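# Topology and contacts: notes
Okay, here's what each chain looks like letter by letter:
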Amino acid sequence: STIMFTLPFKKLKKDTSGATMIEFAFAGPVLLLLTFGFFEFCRALFIQGVLNYSAEQATRYAMVNFEQNNVDQNYLDSVAIQIKNHARDSFILIDENKITDFDVTVAVNPGDMTKTVSIAIDYNYSMIMPLVPQSTFTLTGKSESFLIQ
């Protein structure tokens, strides 16, 4: 009776017909996770590049179109709006509704009276990778330059 009980297990021990399926069950999820992770990383890198590019374009616009001697607050506010609009023209394939902060700062160095403009754009990035808890974090594009005329 013990021979009849152990005979099916001996046949199963030598059977390799399901080995590929078992190996894929272990390796498949890891492979999919790495693939989706790669695409998510590339997407975040792309958005970071667009934010940096937009901030740099806005800084270039400020360098060319800013009246250095005009310190009137109304003028500074209107130029900041123009700079922001110019940066928004550079937003390529990103959702503008996820922009959480957009700062345009003009600073004057009291020592030599040089002016600088700095631009920071914050973007609320949310991952879209399946099977992973959704997380969000902030990407920031920055640029800074002297205002020279």
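Residues numbered from 1 in each chain as written. Predicted model: local features only at pLDDT ≥ 70, side-chain atom pairs only at ≥ 80, totals over all residues. Heavy atoms only, no water.

A count of helical and extended segments in the chain gives three helices and three strands. Its helices and strands taken in sequence order, the chain reads α-α-α-β-β-β from the N to the C terminus. Against the 2.2 N^0.38 benchmark of 15 Å for 149 residues, the chain shows a C-alpha radius of gyration of 29 Å, more extended than a compact globule. Along the first, second and third principal axes, the C-alpha set of the chain runs to 105 × 30 × 20 Å. Classification of the 149 residues of the chain by burial places 28% in the buried group. Per element, the accessible surface of the chain, about 10500 Å² overall, is 64% carbon and sulfur. (Helix = DSSP H or I, 4+ residues; strand = E, 2+ residues; numbered from the N terminus. Rg over C-alpha atoms; globule rule 2.2 N^0.38 Å. Buried < 20%, exposed > 50% of the residue type's maximum accessible area, 1.4 Å probe, protein only. Areas by Shrake-Rupley, 256 points an atom, 1.4 Å probe, with all protein chains shown as cover.)

A positive phi angle is found at L93, which is not glycine, with a value near 60 degrees. Tracing the backbone through its elements, the reader meets L93 in the loop between α3 (73-88) and β1 (99-108).

This part takes up the packing of aromatic side chains. Applying the stated criterion to the full structure yields two aromatic pairs. Geometrically, the ring pair formed by F38 and F39 is edge-to-face, given 5.6 Å between the ring centres and 70 degrees between the ring planes. Seen from their ring centres, Y125 and F137 are 5.0 Å apart, and the 45 degrees between their planes marks the pair as tilted. Separated by twelve residues along the polypeptide, Y125 in strand β2 (residues 115-126) and F137 in strand β3 (residues 136-147) bring together distant segments of the chain. For Y125, a relative accessible area of 1% gives the class buried. The exposure class assigned to F137 is partly exposed, which follows from its relative accessible area of 35%. (Phe/Tyr/Trp six-rings, centres within 6.5 Å; stacked < 30°, edge-to-face > 60°.)

Further remarks concern the pattern of salt bridges. For the structure on display, the rule yields two salt bridges. Where E96 meets R88, a salt bridge forms, and the shortest distance between an N and an O atom there is 3.7 Å. Residue classification places R88 among the partly exposed residues on the basis of a relative accessible area of 32%. (Salt bridge = Lys/Arg side-chain N within 4 Å of Asp/Glu carboxyl O.)

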